[in-house]
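# Structure assessment
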Amino acid sequence: MLDYNLILDAAQRLKKRVRRTELIQAHHFSERLGIPLYFKCENLQRTGAFKIRGALNFMTAQSREALAGGVITASAGNHAQGVAFSADLLGVKAVVYMPESTPPQKVFATRDYGAEVVLEGKNFDEACAAALRQAGQTGALFVHPFNDPLVMAGQGTIGLELLEDIPDLANVLVPIGGGGLIAGIARAIKETHPHVRIIGVESAAAPSMRQAVKAGEVVTVPIRASLADGIAVKTAGSNTFPVVRDYVDEIVLVDEEEIALAIVSLMERNKLMVEGAGAVGLAALLNGKVKKITGKTVVLLSGGNIDVKTIAVVVERGLLAAGRYLKLKVELDDVPGALARLAAEIAEARANISIITHDRRSESLPIGKTEVLVELETRGAEHIQEVIRHLTMCGYQIEVIK
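Residues numbered from 1 in each chain as written. Predicted model: local features only at pLDDT ≥ 70, side-chain atom pairs only at ≥ 80, totals over all residues. Heavy atoms only, no water.

## Considerations on the overall build of the protein chain
We apply this condition: Each helix is a run of H or I in the DSSP string that is no shorter than four residues. Each strand is a run of E no shorter than two, and both are numbered from the N terminus. Any residue under 20% of the maximum accessible area for its type is buried, any over 50% is exposed, and the rest in between are partly exposed; the area is computed with a 1.4 Å probe on protein chains only. Accessible areas in this description were obtained via Shrake-Rupley with a 1.4 Å probe; residue shielding takes into account the shown protein chains only.
When you go through the protein chain residue by residue, the secondary structure sums to 16 helices and 14 strands. A principal-axis box enclosing the C-alpha atoms of the protein chain has dimensions of 80 × 50 × 40 Å. Looking at the protein chain as a whole, 55% of its 402 residues qualify as buried. Split by element, the accessible area of the protein chain, about 17500 Å² in all, is 50% carbon and sulfur.

Okay, structure coming up:
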């Protein structure tokens, strides 16, 4: 089990070395949800995520002899940057194994901190296995992303900060991947405030910790691609699991559309850029995944390392989920004025055309017909149904494109 004194030691070790991130009140979401809601902004941390806390705590606790051969780790991105930054700070060589699918922005950022990056494996677990093999061959010190008491203790310093800022804290929502973050926070908070409700949130695409708690032991689960790639872990940590089992009150799941909508909502309402893993806590609240929640509540925004390409996809998915974006395929007679009449009917339905594509050359189209792909800005789910109903009543054959 994680010793509480390790977390207190970590707080002293990390003092003035990592940013004490802002705790801001989320006024819009507080009014919407009917609870005093706050965001702990680890997305504003140096390196863009909480991971620097655990990595730096682990490395500064080692002797110079232990670090002489350098460090090696595996990560989907955020831990990689934490290790790379810490190694550069301490003058230590760092090698980081990352999955081949890692967003380029995270790869570039890790290299910018001076680490050597090796892309290997389809997911974190395969990259981790490769890093462990290399550590065994070279003697480099392996820095585990989550399954180490010193790493967990570093992440637990967030819990100490939360209690200092909100002594009457009632609930904390924390993302779960391998479990290091929530294990550290839960242990830090429950030691002195056992009444605080600790709620873990996983992507439904990778529910490894929830399945472990349900089974009573660590299990390996199949995972799918997720916007929350930072918490897409097949197997929960063997050391994090007992802490989560004993100190975390509940674990809930969120799906991809819910994550996308939460990211977009944070950008629009609080001007905060958050990656998928960092948005799962808000996604859980907005979609009613946590029942009977009252009192001062903190959502941990664990990271903000999201690349531009992913942002474009996320915004589109988030707008779709919110009913503010609609794609239609419409078949028209290939005669003068047909496209103008369609545009007029869309305007009549009070939707705004953002993109329109006109195709009369497709082999699948009958002679004398043309196909139009149109992307519309809409004002919610009810408005989408009004647009579809209006166009159907006007005689158009339409297909909604997901």
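## Thoughts on the sheet that holds strand S10 (residues 297–301)
Formally: Each pair of strands is called paired provided DSSP finds at least two bridges between the two strands. Only the stretch in contact is used when fitting a helix axis, every axis being a line fitted to C-alpha atoms; angles between N-to-C directions are given from 0 to 180 degrees. Here a residue-residue contact requires only that any non-hydrogen atoms of the pair lie within 4.5 Å.
Taken in spatial order, the six strands make up an open sheet running S1-S2-S10-S7-S8-S9, and their pairing is mixed. The sheet terminates laterally at strand S1 (23–25) and strand S9 (250–254), the two strands that pair on one side only. For this sheet, the mean inter-axis angle between neighbouring strands, taken without regard to orientation, is 25°. Relative to strand S8 (residues 197–203), strand S7 (residues 171–175) is paired through five bridges, and the arrangement is parallel. By the bridge assignment, Val-174 is partnered in S8 with Gly-200. Sitting on the sheet, helix H8 (residues 149–165) is in contact with S1, strand S2 (37–41), S7 and S10, with an inclination near 140° to S2.

## Brief notes about the packing of aromatic side chains
To keep things clear, this is the line we draw: Pairing of aromatic side chains requires ring centres within 6.5 Å, counting the rings of Phe and Tyr and the six-membered ring of Trp. Pairs whose planes differ by under 30 degrees are stacked, by over 60 edge-to-face, and all others tilted.
Counted by the stated rule, this structure contains three aromatic pairs. Their ring planes at 65° and their centres at 6.0 Å tell us that Phe-29 and Phe-39 sit as a pair that is edge-to-face. In this pair, Phe-29 sits in helix H2 (residues 27–33) while Phe-39 sits in strand S2, placing the two residues 10 residues apart along the sequence. Judged on exposure class, the residue Phe-29 and its partner Phe-39 are both buried. Relative to Tyr-113, the ring of Phe-85 has its centre 5.7 Å away and its plane inclined at 85°; by these criteria the two rings are edge-to-face. Remark: Tyr-113 occurs in the loop between helix H6 (104–112) and strand S5 (116–119) and Phe-85 occurs in helix H5 (residues 78–90); sequence separation between them is 28 residues.

## Examining the pattern of salt bridges
What counts is decided by this rule: The rule for a salt bridge is simple: a side-chain nitrogen of Lys or Arg has to be within 4 Å of a carboxyl oxygen of Asp or Glu.
Counted by the stated rule, this structure contains 19 salt bridges. Taking the shortest distance from any N to any O, the salt bridge between Arg-133 and Glu-120 comes out at 3.7 Å. Of this pair, Arg-133 sits in helix H7 (residues 124–138) while Glu-120 is found in the loop between S5 and H7, placing the two residues 13 residues apart along the sequence. Glu-120 sits in the partly exposed class, given a relative accessible area of 31%. In this structure, the salt-bridge partner of Lys-289 is Glu-258, at a minimum N-O distance of 2.8 Å. With a gap of 31 residues between them, Lys-289 in the loop between helix H13 (276–286) and S10 and Glu-258 in helix H12 (residues 256–270) connect regions that are remote in the sequence. Assessed through its relative accessible area of 27%, Lys-289 is described here as partly exposed. We classify Glu-258 as buried; its relative accessible area is 13%.

## Description of the nonpolar core
Grouped burial of nonpolar side chains is what soluble globular proteins tend to show. Selection criterion: Nonpolar cores were defined as sets of buried Ala, Val, Leu, Ile, Met, Phe, Trp, Tyr and Cys residues, with membership established by side-chain atoms within 4.5 Å.
If you look at the biggest cluster of nonpolar residues, it comprises 38 residues, and the most contacted ones within it are Leu-37, Phe-39, Leu-173 and Leu-282. Among the nonpolar cores identified, the runner-up in size contains 36 residues, and Phe-50, Leu-181, Ile-182 and Val-196 belong to it.

## A short note on the sheet that holds strand S4 (residues 94–98)
Taken in spatial order, the four strands of this open sheet run S5-S4-S3-S6, and their pairing is parallel. Bordering the open sheet on either side are S5 and strand S6 (141–142), each of which pairs with just one other strand. In this structure, strand S3 (residues 71–74) lies alongside S4, joined through four bridges in parallel fashion. In the sheet register, Ile-72 faces S4, and the bridge partner there is Val-95. Each of S3, S4 and S6 touches H7; the most contacted strand, S3, lies at about 160° to it.

## Description of the packing of H8 against helix H9 (residues 180–190)
Selection rule: What sets the label is the angle itself: under 35 degrees gives roughly parallel, over 145 gives roughly antiparallel, 65 to 115 gives roughly perpendicular, and the rest give oblique. Each helix crossing is assigned a hand: it is left-handed if the near helix lies turned anticlockwise from the far helix by less than a right angle, otherwise right-handed if that turn is clockwise.
In contact at an axis separation of 7 Å, H8 and H9 are set at 45° when each is read in the N-to-C sense. It follows from the interaxial angle that H8 and H9 lie oblique. When you trace H8 past H9, the crossing you get is right-handed. Contacts between H8 and H9 involve Met-152, Gln-155, Gly-156, Ile-158, Gly-159, Leu-160, Leu-162 and Leu-163 from the former and Gly-180, Leu-181, Ala-183, Gly-184, Ile-185, Ala-188 and Ile-189 from the latter.

## Focus: the environment of Thr-73
Let me state the cut-off plainly: Counted as a polar contact is a pair of N or O atoms within 3.5 Å, where, for protein atoms, one must be capable of donating a hydrogen and the other of accepting one, and residues adjacent in sequence contribute only when both atoms are in side chains.
Here Thr-73 lies in strand S3. Residues Thr-73 and Lys-369, 296 residues apart in the sequence, show an inter-C-alpha distance of 58 Å. Aside from chain neighbours lying at most four places away, what touches Thr-73 is His-79, Val-83, Val-95, Val-96, Tyr-97, Ala-131, Phe-142, Val-143 and Pro-145. Among the polar contacts made by the side chain of Thr-73, one reaches the side chain of His-79 at a distance of 2.9 Å.

## Structural notes on unusual backbone geometry
At Thr-47, a position not held by glycine, the phi torsion is positive, near 80°. Position of Thr-47 among the secondary structure elements: in the loop between S2 and helix H3 (51–60). Residue classification places Thr-47 among the buried positions, given a relative accessible area of 5%. The phi dihedral of Arg-350 is positive, around 65°, even though this residue is not glycine. Here Arg-350 lies in the loop between helix H15 (338–348) and strand S12 (352–359). Given a relative accessible area of 52%, Arg-350 falls into the exposed group.

## Details of the pairing of S7
Along a regular strand, successive side chains alternate from one face of the sheet to the other. For the record, the criterion: Call a crossover right-handed when, viewed with both strands pointing away from you, the route from the first strand across the helix to the second goes clockwise.
Within S7, five of the five residues are buried, leaving the element largely enclosed by the surrounding structure. At this point the chain moves from S7, through H9, to the parallel S8, and the crossover so formed is right-handed. Of the pairings in the sheet, the one linking S7 to S10 comprises three bridges and is parallel in character. Each bridged residue has a counterpart across the sheet, and for Val-172 the counterpart in S10 is Val-298.

Remember that the coordinates give geometry; whether it matters functionally is a separate question.
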